[in-house]
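Single-letter residue listing:
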There are 2 protein chains.
Amino acid sequence: MDAHITIALPKGALLKETIIRLQALGIDFSEFLESQNRLLRLQSAPGYQGLLVRAQDVPVYVAYGQAQVGIVGYDVLLEKQLPVAQIADLNFGYCRMSVAVKRDSPYQTVRDLPPHCRVASKFVACARRYFDELGLPVELIPLYGSVELAPLLGMSEAIVDLVSSGRTLKDNGLVEIHTIFESTARLIAHPLSYRLNHPELHDLLTRLQTDI
Amino acid sequence: MDAHITIALPKGALLKETIIRLQALGIDFSEFLESQNRLLRLQSAPGYQGLLVRAQDVPVYVAYGQAQVGIVGYDVLLEKQLPVAQIADLNFGYCRMSVAVKRDSPYQTVRDLPPHCRVASKFVACARRYFDELGLPVELIPLYGSVELAPLLGMSEAIVDLVSSGRTLKDNGLVEIHTIFESTARLIAHPLSYRLNHPELHDLLTRLQTDI
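Remember, it's a predicted structure, so these values are computed and weren't measured experimentally.

Novice: For this particular structure, what's the right way to read the relation of the copies chain A and chain B?
Specialist: Applying a rotation about an axis and a shift along it to one chain copy brings it onto the other copy. Mapping chain A onto chain B calls for a rotation angle of 180° and an axial translation of 0.0 Å; the resulting RMSD is 0.0 Å. Both copies of the chain, as the preceding transformation shows, are related through a two-fold rotation axis. Residue A:Tyr144 of chain A places its C-alpha closer to the rotation axis than any other residue of that unit, at 5.5 Å. Taken as a fraction of all interface residues of chain A, those also at the interface in chain B reach 100%, which identifies the copy contact as same-surface.

Novice: Sorry if this is basic, but what is going on with the sheet that holds strand 2 (residues 41-44) of chain A here?
Specialist: Strand pairing in a sheet is mediated by backbone hydrogen bonds. Such pairs are either parallel or antiparallel. Residues and elements named next belong to chain A. The six strands are arranged 2-3-1-4-11-5 in an open sheet whose pairing can be described as mixed. Of all strands in the sheet, those with a lone pairing partner are strand 2 and strand 5 (85-89), marking the two edges. Across the sheet, the mean angle separating the axes of adjacent strands is 25° when strand polarity is ignored. Pairing geometry for strand 5 and strand 11 (residues 185-189), over four bridges, is antiparallel. When the sheet's bridge partners are listed, Asp89 is paired in strand 11 with Arg186. In the packing of helix 1 (residues 15-23) onto the sheet, the strands contacted are strand 1 (5-10), strand 3 (48-53) and strand 4 (69-73), and the crossing angle to strand 1 comes to about 150°.

Novice: Would you mind showing me how to read the side chain of A:Glu79 here?
Specialist: Residues and elements named next belong to chain A. Within the element layout of this structure, Glu79 appears in helix 3 (residues 74-80). No salt bridge is formed by the buried Glu79, whose closest oppositely charged neighbour, Arg129, lies at an N-O distance of 5.5 Å. Looking at Glu79, its side chain comes within polar contact range of the main-chain nitrogen of Val124, at 3.1 Å. In terms of polar contacts, Glu79 uses its side chain to reach the backbone amide nitrogen of Ala125, at 2.9 Å. Residue contacts for Glu79: discarding those within four places in its chain leaves Lys122, Phe123, Val124, Ala125 and Cys126.

Novice: Please explain the domain arrangement of chain A as it appears in this structure.
Specialist: Often the size quoted for an interface is simply the accessible area lost on bringing the parts together. All names here are of chain A. What the domain assignment lists for chain A is domain 1 (5-93 + 184-210) and domain 2 (95-183). Each of domain 1 and domain 2 was reduced to a C-alpha centroid, and the two centroids are 30 Å apart. Listed by partner, the interface residues are eight residues for domain 1 and twelve residues for domain 2. When the two sides are added together, the surface that domain 1 and domain 2 hide from each other amounts to roughly 750 Å², 50% of it contributed by carbon and sulfur. The interface formed by domain 1 and domain 2 holds zero salt bridges in total. Our enumeration of links across domain 1 and domain 2 arrives at seven residue pairs in polar contact (both at pLDDT 80 or more). With four residues, the top contributor of residues to the side of domain 1 that touches domain 2 is helix 3. Looking at side-chain class alone, the side of domain 1 that touches domain 2 contains two nonpolar, four polar and two charged residues.

Novice: I would appreciate a short explanation of the packing of aromatic side chains in the present structure.
Specialist: Aromatic ring pairs are reported here in terms of the distance separating the ring centres and the angle at which the planes meet. Residue and element names in this part refer to chain A. Taken as a whole and judged by the stated rule, the model has six aromatic pairs over all chains. The interplanar angle of 85° and the centroid separation of 5.8 Å between the aromatic rings of Tyr74 and Phe181 together place this pair among those described as edge-to-face. A residue pair is termed long-range when its members are at least 10 positions apart, and Tyr74 in helix 3 and Phe181 in strand 10 (residues 174-183) qualify at 107 residues. Taking the relative accessible area as the measure of exposure, Phe181 reaches 13% and is therefore buried. In this arrangement the basic side chain of Arg186 is found over the ring face of Tyr74, its NZ or CZ atom lying 4.1 Å from the centre.

Cut-offs applied
Residues numbered from 1 in each chain as written. Chains lettered and ligands numbered in written order. Predicted model: local features only at pLDDT ≥ 70, side-chain atom pairs only at ≥ 80, totals over all residues. Heavy atoms only, no water. Least-squares fit on C-alpha atoms with pLDDT ≥ 70 in both. Contact = heavy atoms within 4.5 Å. Pairing = 2+ DSSP bridges. Helix = DSSP H or I, 4+ residues; strand = E, 2+ residues; numbered from the N terminus. Axes fitted to C-alpha atoms, helices over the stretch in contact; angles between N-to-C directions. Buried < 20%, exposed > 50% of the residue type's maximum accessible area, 1.4 Å probe, protein only. Lys, Arg positive; Asp, Glu negative; His and termini not counted. Salt bridge = Lys/Arg side-chain N within 4 Å of Asp/Glu carboxyl O. Polar contact = N/O pair within 3.5 Å; in protein donor to acceptor, adjacent residues only side chain to side chain. Domains from an automatic or database assignment. Buried area = accessible area lost by both parts, 1.4 Å probe. Nonpolar A, V, L, I, M, F, W, Y, C, P; charged D, E, K, R; others polar. Phe/Tyr/Trp six-rings, centres within 6.5 Å; stacked < 30°, edge-to-face > 60°. Lys NZ or Arg CZ within 6 Å of the ring centre and 35° of its normal.

So, in structure tokens, the structure goes:
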């Protein structure tokens with residue numbers, strides 16, 4: 001039988017729990033977790049297809065209707081701003097988007113940061129929105145990784161980054177001075193599929209929310 | 001002695017050869033290659049500091065003057081368009097930026113692609129520039145990874161992606177229909193440092209070019 005519901009699963013921190021939640025509903029994509037796995041697509045009876053994609057790409061596949069359902073962090077949803085329907089908070093994968101500075105920084109609150117200071121981040125849209133709302137003009141430095149290096153080298157006064165245990169910040173002598181928002185895994189759906197009369201999809205979304 | 005020249009090294013495909021080239025000049029950052037390595041900064045006698053950063057971040061560190069020298073792929077330079085001085089082609093890390101489609105696609109040349117077709121890419125700026133010059137309006141779908149999945153699922157008619165062996169394309173039933181440009185590792189420098197009278201920096205840049 002051909003798959004008629006496609007689910008986009010995020011690589012990385014949320015993958016394991018996502019697969020466990022789906023397994024509880026009889027949808028088995030555990031092969032994605034095998035260390036040797038190179039497959040990006042898997043079928044699971046009855047009639048489900050899983051796509052293993054970068055977390056940032058999950059809302060893209062859902063917005064374009066290539067997946068009717070996706071699981072992704074709220075941080076990614078806020079950063080990408082794509083037209084997807086947010087169905088439910090799945091209450092796992094807790095982390096927070098924070099402003100952090102060097103422990104010995106002269107700026108120990110966000111209000112202390114001087115106008116036109118430099119802020120490095122992988123989440124440029126989230127950071128831009130936050131500082132715009134605060135009314136503080138900052139120069140954003142977009143980075144792809146190891147954002148904690150920027151204040152250590154003196155390239156930026158602060159960073160905006162996702163913090164889960166806080167270990168990376170601590171190891172690098174950085175401290176959080178503000179939480180912009182908290183993030184958890186979210187269940188999202190393609191808006192059109194969601195509004196159409198698609199009993200299997202509605203059933204899946206309901207079970208994913210209630211079986212928690 | 002404090003380091004007075006900082007070199008930004010790219011994680012990924014170009015790292016090993018970059019470290020070999022520097023080693024030939026007596027600058028040893030081989031610790032970055034150890035599988036257990038978690039360090040992002042290393043010192044090497046005499047007076048050199050290495051920063052291990054994402055390839056996409058190398059031009060950022062150099063543009064902001066946190067590193068006077070960097071090694072990075074030409075593809076990244078074209079995508080990021082930052083104010084750095086390109087010093088030399090280091091002639092390793094060959095790959096090409098290509099347009100690819102499904103083997104059985106009705107579009108077997110770039111000229112066949114219909115206006116407003118969808119093109120998925122991690123290199124949105126390069127793709128945008130190419131199709132603008134071609135005079136073909138396309139809808140770009142920005143992805144972070146596994147771009148080859150997009151045509152397979154029917155999300156895009158074509159992709160623009162970096163190809164080295166061609167293995168990933170072949171494994172996914174895709175074929176290249178156009179090479180946009182060829183890429184190799186480039187030696188870059190901070191424009192101001194480069195223009196200043198900085199004998200050690202000029203010496204390093206000269207030796208990196210000639211010891212090939």
